[in-house]
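The primary structure of each chain is shown beneath.
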Amino acid sequence: MKKTLSPVTKVSTEMFIHQGSWALGFLSIVLLIFVGVGIGNSMGVNVRAGMADEDFFSIVYRSTKGFMLVIGIISAYGFLSYYVRHGITRRDFFTGSALAAVYLSLAFPVAVTLIQWIVSMVAPQNAGSTLLLQKFDNNWLLILVSYGVQIFIYYLMGWMIGSGFYRFGWIRGLGWIAVALVLIGFMDALWQFELASIWEQWLPVTTAFSVTLPVSLAGSVAVILITLILIRLITR
């Protein structure tokens, strides 16, 4: 007799497979862009300053955040209504979707590292020359942990924003974008990345400080827990 999957396992597995196929398409497009830039640069074509000096991982590191944000929003609209119509409770969907996001955030670093290794074998590059690796003292374990944590948070932010619009409509849904920006800004300050510097232009604060790895991880866990609680409150 075929064993029936639990609702949570069903949701997490199906969403991971579905979103994983999107992720493969996304990585394929980024890889084509990377190869195209390399070919264009070798032919003397004008390439955006800085891009020609980046490796595949550096490009994916930034662009994956936007991808995870988008599919997080899609999960609130497309997947929630689909599973609820098919008898899955909102609670089971919440747990399953969160697990799928964890699986995806673990799979991305593995897949990207494998592709980066293959690319480096075909076109050797001095890994220490990339700005991203320099920020992490050429520590691949640290950069993979940072990558996985951050893309998971961006997925949660997209999920929260999508859930806010799904539950409250367009007007009040805009408030959830503001909440997400604050949380992402805090997270970026912990890891000292892009959005953190934006706050310096608008608020009397500075992000010019050193944050240790334990503090970054603890702060990220706090952001994750806060976001999950908010999503559960919105979608229950």
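**Regarding the overall build of the protein chain**
Here's step 1: When its secondary structure is counted, the protein chain shows seven helices and zero strands.
Here's step 2: Secondary structure of the protein chain in N-to-C order comes out as α-α-α-α-α-α-α.
Here's step 3: For the protein chain, the residues scored as buried account for 42% of the 236 residues in total.
Here's step 4: Residue pairs in contact within the protein chain that sit at least 24 positions apart in sequence constitute 76% of those at least 6 positions apart.

**Here's the deal with a nonpolar patch on the surface**
Here's step 1: Taken together, Leu 114, Trp 117, Ile 118, Met 121 and Val 122 make up a surface patch of nonpolar side chains, about 570 Å² in accessible area.
Here's step 2: Along the chain, the position of Met 121 falls in helix 3 (residues 90-122).
Here's step 3: With relative accessibility at 56%, the residue Met 121 sits in the exposed group.

**Remarks on helix 2 (residues 56-85)**
Here's step 1: In a regular helix each residue adds 1.5 Å, so 30 residues correspond to 44 Å; helix 2 covers 41 Å between its end C-alpha atoms and thus fits that length.
Here's step 2: Considering bend angle alone, the principal kink of helix 2 is centred on Ser 75 and spans about 40 degrees.
Here's step 3: Positive backbone phi, approximately 90 degrees, marks Gly 87, located one or two places after helix 2.

**A look at helix 5 (residues 140-191)**
Here's step 1: Look at helix 5: only 15 Å from first C-alpha to last across 52 residues, short of the 76 Å you get at 1.5 Å a residue.
Here's step 2: Along its length, helix 5 shows its largest kink, about 140 degrees, at Gly 169.

**Focus on the packing of helix 2 against helix 5**
Here's step 1: It is the contact of helix 2 with helix 5, at a shortest axis distance of 10 Å, that shows an interaxial angle of 35 degrees. Helix 5 is crossed by helix 2, and the crossing has right-handed handedness.
Here's step 2: Of the residues in the contact of helix 2 with helix 5, the class split is 22 nonpolar, nine polar and two charged.

**Some thoughts on the environment of Ile 153**
Here's step 1: Looking at the element boundaries, Ile 153 is found in helix 5.
Here's step 2: Each C-alpha atom, one on Ile 153 and one on Val 102, is 9.8 Å from the other, the two residues being 51 residues apart in sequence.
Here's step 3: Setting aside chain neighbours within four positions, we find Ile 153 in contact with Met 187, Ser 220, Val 223 and Ile 224.

**Some words on the confidence of the model for the protein chain**
Here's step 1: Of the residues in the protein chain, 79% have a pLDDT of 70 or more, and the chain-wide mean is 82.
Here's step 2: Confidence, read as mean pLDDT per element, is least for helix 6 (residues 194-202) in the protein chain (43) and greatest for helix 3 (92).
Here's step 3: Throughout residues 194-209 the model reports pLDDT below 50, and contacts reaching past four residues in sequence, or to other chains, amount to 25 contacts.

**Thoughts on the pattern of salt bridges**
As a working rule, side chains carrying opposite charge can pair if their charged atoms are close by.
Here's step 1: This model, assessed by the stated rule, comprises one salt bridge.
Here's step 2: Here Glu 14 ties to Lys 10 by a salt bridge, and the two come within 2.7 Å at their closest N and O atoms. Taken together, the positions of Glu 14 and Lys 10, both in helix 1 (residues 7-42) and four residues apart, correspond to about one turn of that helix.
Here's step 3: Given a relative accessible area of 32%, Lys 10 falls into the partly exposed group.

**Some words on the packing of aromatic side chains**
Here's step 1: One pass over the full model with this rule turns up 17 aromatic pairs.
Here's step 2: Measuring from centroid to centroid gives 6.0 Å for Trp 22 and Phe 79, while their planes differ by 45 degrees, and the two rings are tilted. With Trp 22 in helix 1 and Phe 79 in helix 2, this pair connects stretches of sequence that are 57 residues apart.
Here's step 3: Looking at Phe 79, the relative accessible area reads 9%, which means it is buried.
Here's step 4: Residue placement shows Arg 232 over the ring face of Phe 94; its charged tip is 5.8 Å from the ring centre.

What counts, and at which threshold
Residues numbered from 1 in each chain as written. Predicted model: local features only at pLDDT ≥ 70, side-chain atom pairs only at ≥ 80, totals over all residues. Heavy atoms only, no water. Helix = DSSP H or I, 4+ residues; strand = E, 2+ residues; numbered from the N terminus. Buried < 20%, exposed > 50% of the residue type's maximum accessible area, 1.4 Å probe, protein only. Contact = heavy atoms within 4.5 Å. Patch = residues over 30% accessible without salt bridge, like charges linked within 9 Å, V, L, I, M, F, W, Y side chains within 5 Å. Areas by Shrake-Rupley, 256 points an atom, 1.4 Å probe, with all protein chains shown as cover. Salt bridge = Lys/Arg side-chain N within 4 Å of Asp/Glu carboxyl O. Expected span 1.5 Å × (residues − 1). Bend = angle between axes of the 7 residues up to and from the residue. Axes fitted to C-alpha atoms, helices over the stretch in contact; angles between N-to-C directions. Left-handed = near helix turned anticlockwise from the far one by under 90°. Nonpolar A, V, L, I, M, F, W, Y, C, P; charged D, E, K, R; others polar. pLDDT = per-residue confidence, 0-100. Phe/Tyr/Trp six-rings, centres within 6.5 Å; stacked < 30°, edge-to-face > 60°. Lys NZ or Arg CZ within 6 Å of the ring centre and 35° of its normal.

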